[in-house]
Amino acid sequence: MELGQLRALRELGDRGSIAAVAAALYVTPSSVSQQISALQRHSAAPLTFRDGRRTALTDAGRALALAAIDVEVALERARQAVELFQDDPLGTVSVVAFHSAGLAIFGPLVAACASPELPDVRLSDFDVAQEDFPLLTADHDLVLAHRLVGSPSWPGSVRVEPILFEPLDIAVRRDHPLAVKAAIEPADLLDEAWVAVHEGFPLKQALSVIAGIGGSEARILHRINEFSVAASVVEASGCVALMPRYTTDLREHPGVVLRPLAHPGLGRHIDCLARPETLERANAKAVLSQIRIIAGTLIR
């Protein structure tokens, strides 16, 4: 049984003729007859009978028409529940971010959402390869993801809300010869040993680009995804690393400095991914707005 079939039967009981039902539903009489015939095929008892020139409901038909009213009421209540849910500025919004974005954004976001006028947030961090970020939208409302310049776009199955463009810098020890440079050329890195992220992660591709410009293959000694851990290795070893400019926190590593690359444009897009229906909700839009505000304060 389908809603359109039940609706046609109910209207027939109320209006008394196929023609009147067709006029009310803005369809043809033939379409109404087809809907009722399809419904009859699912019923063991006759639903209609001919009463002169009109089609009337049998007792079984009237019983089913009454049941159709309950279906309509349930659907209307469901629609209203969805509308209330979408319009509710409170409730709970789940937010996922890759590690460095979580470090920079989660604390201020929790503080902002302590306001009684904003929804609660539930936070998680995931360190995944670029192509796996869209999959997280199935289980979480807002997904903060990063994508390297020139890499494939996010799939059309998710809504993409740009948050921030973040340049990539070179992290070096403060006493490293490259630390005195205002900007570092790829050729300056020719003989350096690297701390790099694991294969499949966005910054690994960026390192390959830099090495290609410099005319050599990067000599990678360590593979560490967590930037604070990588910074400690840079500080201890004299290796260099590629790190994002705004979301890297070096306060616990005063012996490490960031220096920009002489070739501008290398960086990553930080985007918010979500299922399209999620961003119809008022509370999800409110949290997204707070994320944008916090991201704006990171730029320096």
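Computed from a prediction, not measured in an experiment: that's the story for all the values here.

Caption draft 1: Quick peek at the overall build of the protein chain. Scanning the protein chain from terminus to terminus reveals 8 helices and 11 strands. In terms of C-alpha radius of gyration, the protein chain reaches 30 Å, well past the compact-globule figure of 19 Å for 300 residues. Overall, the C-alpha framework of the protein chain stretches about 100 × 45 × 30 Å when taken along its three principal axes. Taken over 300 residues, the protein chain has a buried fraction of 45%. Excluding contacts between residues fewer than 6 apart, the proportion of contacts in the protein chain whose partners are at least 24 apart in sequence is 73%. As displayed, the protein chain has an accessible area near 15,100 Å², and 55% of this comes from carbon and sulfur atoms. Across the protein chain, the 28 positively charged side chains and the 36 negatively charged ones have centroids separated by 6 Å.

Caption draft 2: Region of interest: the side chain of T55. You can see T55 is positioned in strand 2 (residues 54-57). Here R50 takes part through its side chain, which lies 2.9 Å from a polar atom of the side chain of T55. In contact with T55, not counting residues within four places along its chain, are L12, G16, I18, T48, F49 and R50.

Caption draft 3: Focus on the pattern of salt bridges. As enumerated under the stated definition, the model contains 12 salt bridges in all. As a salt-bridge pair, D141 and R281 come within 3.1 Å of each other at their nearest N and O atoms. On the criterion of sequence distance, the pair formed by D141 in the loop between strand 4 (120-125) and strand 5 (142-148) and R281 in the loop between strand 11 (267-274) and helix 8 (282-298) is long-range, its members being 140 residues apart. There is no split in this pair, since D141 and R281 are both buried. Between D175 and R173 there is a salt bridge, and its shortest N-O distance comes to 2.9 Å.

Rules used throughout
- Residues numbered from 1 in each chain as written.
- Predicted model: local features only at pLDDT ≥ 70, side-chain atom pairs only at ≥ 80, totals over all residues.
- Heavy atoms only, no water.
- Helix = DSSP H or I, 4+ residues; strand = E, 2+ residues; numbered from the N terminus.
- Rg over C-alpha atoms; globule rule 2.2 N^0.38 Å.
- Buried < 20%, exposed > 50% of the residue type's maximum accessible area, 1.4 Å probe, protein only.
- Contact = heavy atoms within 4.5 Å.
- Areas by Shrake-Rupley, 256 points an atom, 1.4 Å probe, with all protein chains shown as cover.
- Lys, Arg positive; Asp, Glu negative; His and termini not counted.
- Charge placed at Lys NZ, Arg CZ, Asp CG, Glu CD.
- Polar contact = N/O pair within 3.5 Å; in protein donor to acceptor, adjacent residues only side chain to side chain.
- Salt bridge = Lys/Arg side-chain N within 4 Å of Asp/Glu carboxyl O.

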